[in-house]
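Remarks on the overall topology
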Amino acid sequence: MSSLQTGVFLKQVSEDLFQILPPCRNHPSCLTDTSPVVPGADPARTQLCFEWGPAEMLLCETLFGRRGGERRGAPGGSAGPAPTGCGVAGGGDGAPGPSRVFVVRRDQDIYMETLRKLFNESHGIFVGLQRCEEERAARARNAQLVQVSKNYRSVIRACMEDMHQAAISARDSALHSQYSIQVSILSAMELIWNLCEILFVEAAPAGPLLLRLLDWVQLHICDVDNMVREVLGSENPSKHKLFWNVVDIFVLQGRMDEARHLLSKEAIANPTSMNMYKILDDLMKKMPVPSLGNTQTLTEMELKWQHWHEECQRYLQDGTFASNSHMESICKILLGDENAILEKKELMTTWYHFLVTRLLYSHPTVKPMELRFYAQSSMDMFLGEESNPEPLDTILMAAFEFELHQVIKECSVALSNWWFVAHLTDLLDHCKLLQSHNLYFGSNMREFLLLEYASGLFSHHSLWQLGVDYFDHCPEYGRVYLELHIERIPLNTEQKALKVLRICEQRQMHEQVRSICKIMAMKALRNNRLGSALSWSIRAKDAAFATLISDRFLKDYCERGYFSDLDLIDNLGPSMLLSDRLTFLGKYREFHRLYGEKRFSEAARLLLMLMTAHIAPCSFWMTLLTDALPLLEQKEVIFSAEQTYELMRCLEDLTARKLDKQKFQDDDVETMKVEMLRLALARNLARVIVKEGTLEGS
Amino acid sequence: MEEVCARFVSQKISKARWRPLPAAALQPPDLFATGSWDNEDNRISIWSVGDVGSAGLNGEYQGEPQLLCDIRHNGDVMDMQFLDQERIVVGSSTGSVTVFRHHQNNQTLSASHRWENAHYHADQYTACGGAACTGVICNNPEIVTVGEDGRINLYRADQKDAVRTIDNADSSTLHAVTFLRTTEILTVNSIGQLKIWDFRQQRNEPAQIFSLTGDRVPLHCVDRHPNQQHIVATGGQDGMLSIWDIRQGTMPVSLLNAHEAEMWEVHFHPSNPDHLFTCSEDGSLWHWDTSTDVSEKPSFLHQGGRSTAYFSHSTINQSVVSAWLSNDPTKDRMEITNLIPNQTLSVNTLDVLGPCLVYGTDAEAIYVNRQLFA
């Protein structure tokens, strides 16, 4: 990791900054308006410039003067655990125009230790989703996608659980609040995901839709659970001061059985009003609910509902519950009286709870497309005019309005990571919900978000391996991104290099394979590990580099008189053919082995062949000829007349060539060598003529 | 495999090792150590798998490994071995070799001894720096380490200096090491060679060299049959499992096509050596079983859901010749099971002891299977 590293992410680039920077590409995060500044960078004092890079942005102070504007108040700033921007400062504080460079990261959540579980586990789900084949029956396909969505959610929940535990056990209060913030972010993510699952993935029809929404509310409104637990845990629940609150909660959430159970306890305690309780209990029992299966039609359901509704109305009007305000209000709730429900605002805590309760008691057969009207009016009624909707409200509202793109856009703005939008968008894309939409840049929304997320992963020192599979499933730009990123992985051990290499080889990224092998070969060469270096260049089939290393081997041999790394050179096998020089190295070593094994005639033949077939580089001929000397001087004749002539011609070629070029540098040694060779050759020739003559003659 | 418990640990696991059992112990192993790699802050961790009985009230977490203690480790954990019940020897990518002690009374880890720059490039004192230590093997009190620098070190626990160092033992990278006998070790390197080194010999040359023919496929791991010491298994870059008989020949007795990518580890089951386990970069973990005899199991047996392959079958008794060496396909039968169905990222490490298997992956998870032969 470079020394420039900071943990700042894009959200922290201030709006000031974006006023002086040219408008960036349509980056969802640019839309945020609550972003603190990069710590240490002050756009009011020095002009800033920037450069996009893969997953990171470089921000530097330039020498251009101030733009005249007075210093703006430091916006939002370093609230929370925002890491400090680490600049590379030139010059002291007082010096004019210290130029610093900031590295701005986009996706800070990537660096949360506890979130790594989320990234890793969801990676498995993601890959599984991409692999599952398309050609299934629509119904089975849908069930499968819902299951995938549930898996994602369970991963979020598991992560939330871990984070919660971490928050509890954190001793440091700053750490504690950091974890708590993450818990709330995760729970918001799960809430949104769950709603999207109901509305988009499962696409529940009228009837079951309401049941799903009820489950959704019950699962996520857990603020009241403590109250319920407290009351139920007390010795005499019906005497508890919060008793009616709990009953109301049950009714508001449609948990009729639980409400009735509590009421029956109260009824036993008040025998005088037994009748009243019985009537209410009966009403609650009879309340028609949409069925999940196809056992009843919607009309049937609506008829039953109408009937039940009228019955409730009757009881309310004849004042059956007049003596007990609690029961009267429950009856009003059952009738769907908006004011009665709104009175319980504190028990519902959120407008979407109000929405679902309202639907339950006034429009149980609401159709998906009608949701938007009820949602908007519920939010207005619940929040009133005084408060602005928060980002979460806007996101949920967009979902209720079936504005998919709006949901994704708002999530990108509000959430501090790309994980959520990338995975959700991918899932929705698999549901074939996003196909019509095209961006005016990149390929499509799914791919754009996946690329962003994976780029974030690649900027992480350890999570980069996960990013590979995400890039693989981006048909248009995935490969280019992968190529750019993979070359930037620091390779500190050979094992890591092998892993990166495997990734490249599996994808036929020859250019990257070459470059990685070359890097490793260079490293080995610098460490004087010629054997390793040669292995790497053989793997990359890099002939030029193999030649270079072979030359190093030969040079070392000439200097020291013996070969290093014999185990490697003796076992080159077919890879010897990679470069001419390598072939020569292998063959020359073979000559030495033959000579060592006293297989002189084979050795001689090989030696001669190295020169006549021009395998040996010219600069090496003299060495080869010198190597021939001891063979010429052996007691028995080794070179035939033919071979001796060849040798002589080689020698003459060599001297002629050298004379052409220049005079011998160290005349004496060279001339002596040549003279000795000539003498030896002549003597050998004499011996061989005699020998061959006698052999023929006899 | 329902018996497998997984745990995400927020670090890529490079090594996992069971703590050895005391002699004459009957219970299954309950403690293992893991090492991480590629993190800014790598760790050695000790995990307990506890016994099912005492797991407590939260039933769903039963059997999930619990972290007992951990300690920072400088550099990637390249290899790790238990020296004895308490001490763990760890080789680092920085070239140092550290002995960690696990204090069981207060569940802490501490570094008890460190050999800095056990492996290094060029000159120990120049800036060239350390070379990764790629393999460690222990035979208490002896410790042998090998590294990317092609060096072999022999240490004795608690002795400050190396007992023996073979510089430039190999011109390429040594990937793994194991003990053959008390004075002999086996190494594998990145040009497909298996070498035997004898520490009794003063020469710095291998006693014997075996090699794969032709392709020089790098070998990444080596293990020796626990009872029949002449049988050696190695795993290569192409995922091939090679079985060698070091009494004869210089080439492997059999080559078995296995994984699709680098085989990172191979282990004979220590007490049940008819079983062999291999794991690979392609995300699979294979169980090789040669114990299945036709007389015991009918050949038409098919276990649903498992990807099982039968090589061949026979009725000839195999008591004399080990099943691993009979390369005649008509003579014996091998059952191979992939223990991980939908894995995507590399399985870097595995260890088997008794009925228990532990493995760690690049997906930052550790898995424990405690009923291997169930």
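Because the structure is a prediction, the values reported are computed rather than measured.

1. Remarks on the overall build of chain B
- Helix and strand content of chain B: zero helices and 29 strands.
- The burial tally for chain B puts 59% of its 374 residues in the buried class.
- Of the contacts formed within chain B by residues at least 6 apart in sequence, a portion of 51% connects residues at least 24 apart.
- Approximately 14800 Å² of chain B is accessible, and the part contributed by carbon and sulfur atoms is 47%.

2. Some remarks on the nonpolar core
- If you look at the biggest cluster of nonpolar residues, it comprises 224 residues, and the most contacted ones within it are Trp-216 and Phe-400 of chain A.
- If you tally residues by element for this core, the top one is helix 4 (residues 173-201) of chain A, at 13 residues.
- Here Trp-216 of chain A is in contact with Leu-191, Asn-194, Leu-195, Ile-198, Tyr-352, Val-356, Leu-396 and Phe-400 of chain A, once residues within four sequence places are set aside.
- Formed by 17 residues, the second largest nonpolar core is a distinct cluster that contains Leu-241, Met-263, Trp-324 and Met-334 of chain B.

3. Section: the confidence of the model for chain A
All names here are of chain A.
- Overall, the predicted model of chain A reaches an average pLDDT of 80, with 83% of residues at or above 70.
- Ranking the elements of chain A by mean pLDDT puts helix 1 (residues 15-20) last with 32 and helix 20 (residues 464-472) first with 94.
- pLDDT under 50 marks residues 1-36. Its contacts with residues more than four places away, or in other chains, come to 98 contacts.

4. Observations concerning the sheet that holds strand 28 (residues 356-361) of chain B
Residue and element names in this part refer to chain B.
- Ordered in space as 1-29-28-27, the four strands form an open sheet in which the pairing is antiparallel. Two strands in the sheet have a free side with no partner beyond their single neighbour: strand 1 (4-8) and strand 27 (347-353). If you compare each strand with its neighbour and ignore which way they point, the axes differ by 15° on average.
- In this structure, strand 1 lies alongside strand 29 (residues 365-369), joined through five bridges in antiparallel fashion. Among the inter-strand pairings, Ala-6 is bridged to a residue of strand 29, identified as Tyr-367.

5. Here's the deal with the interface of chain A and chain B
- Chain A puts 40 residues into the contact, and the matching count from chain B is 48 residues.
- Across the chain A/chain B interface, buried area totals approximately 3600 Å², and carbon plus sulfur atoms make up 43% of it.
- Summed over the three residues of chain A that lose the most area to chain B, namely Lys-499, Arg-502 and Arg-529 of chain A, the buried surface amounts to 18% of that side.
- At the boundary of chain A and chain B, one finds five salt bridges.
- A salt bridge links Arg-502 of chain A to Glu-262 of chain B; the shortest N-O distance between them is 2.8 Å.
- Taken together, the connections running from chain A to chain B amount to 30 residue pairs in polar contact (both at pLDDT 80 or more).
- Taken together, the elements giving at least two residues each to the side of chain A that touches chain B come down to helix 2 (116-131), helix 20, helix 22 (494-506), helix 24 (530-539) and helix 26 (566-569) of chain A.
- Among the elements that line the side of chain A that touches chain B, the one with the most residues is helix 2 of chain A, at seven residues.
- Taken together, the residues of the side of chain A that touches chain B break down into 10 nonpolar, 15 polar and 15 charged.

6. Considerations on the pairing of strand 12 (residues 152-156) of chain B
All names here are of chain B.
- Judged by how many residues are buried, strand 12 sits mostly within the fold: four of five residues are covered.
- Two strands pair when backbone bridges link them, and strand 12 and strand 13 (residues 164-166) are joined in this way by three bridges, in the antiparallel orientation. Each residue of the ladder has a partner; that of Leu-154, found in strand 13, is Arg-164.

7. Here we look at the environment of Arg-605 of chain A
- For Arg-605 of chain A, the position within the fold is in helix 28 (residues 600-612).
- Expressed as a C-alpha distance, the spacing of Arg-605 of chain A and Arg-526 of chain A, which sit 79 residues apart in the sequence, is 37 Å.

8. Remarks on the packing of helix 4 of chain A against helix 16 (residues 391-400) of chain A
All names here are of chain A.
- In the contact formed by helix 4 and helix 16, the axes pass within 10 Å of each other and the chain directions differ by 10°. The angle between helix 4 and helix 16 places the two elements in the roughly parallel class. Across the interface between the two elements, Ala-188, Leu-191, Ile-192, Leu-195, Leu-199 and Phe-200 of helix 4 pack against Leu-392, Ile-395, Leu-396, Ala-399 and Phe-400 of helix 16.
- Per-class residue counts for the contact of helix 4 with helix 16 are 11 nonpolar, no polar and no charged.

9. Re the packing of helix 27 (residues 580-596) of chain A against helix 29 (residues 621-632) of chain A
All names here are of chain A.
- Two numbers describe how helix 27 lies on helix 29: the axes approach to 12 Å, and their chain directions differ by 15°. By the angle class used here, helix 27 and helix 29 are roughly parallel. Two packed elements cross with a definite hand, and for helix 27 against helix 29 that hand is left-handed. Judged by residue contacts, Phe-584, Tyr-588, Phe-591, His-592 and Tyr-595 of helix 27 engage Thr-623, Leu-624, Asp-627, Pro-630 and Leu-631 from helix 29.
- Counted by class, the contact of helix 27 with helix 29 contains seven nonpolar, two polar and one charged residues.

Procedures and definitions
Residues numbered from 1 in each chain as written. Chains lettered and ligands numbered in written order. Predicted model: local features only at pLDDT ≥ 70, side-chain atom pairs only at ≥ 80, totals over all residues. Heavy atoms only, no water. Helix = DSSP H or I, 4+ residues; strand = E, 2+ residues; numbered from the N terminus. Buried < 20%, exposed > 50% of the residue type's maximum accessible area, 1.4 Å probe, protein only. Contact = heavy atoms within 4.5 Å. Areas by Shrake-Rupley, 256 points an atom, 1.4 Å probe, with all protein chains shown as cover. Core = buried A, V, L, I, M, F, W, Y, C linked by side-chain atoms within 4.5 Å. pLDDT = per-residue confidence, 0-100. Pairing = 2+ DSSP bridges. Axes fitted to C-alpha atoms, helices over the stretch in contact; angles between N-to-C directions. Buried area = accessible area lost by both parts, 1.4 Å probe. Salt bridge = Lys/Arg side-chain N within 4 Å of Asp/Glu carboxyl O. Polar contact = N/O pair within 3.5 Å; in protein donor to acceptor, adjacent residues only side chain to side chain. Nonpolar A, V, L, I, M, F, W, Y, C, P; charged D, E, K, R; others polar. Parallel < 35°, antiparallel > 145°, perpendicular 65-115°, else oblique. Left-handed = near helix turned anticlockwise from the far one by under 90°.

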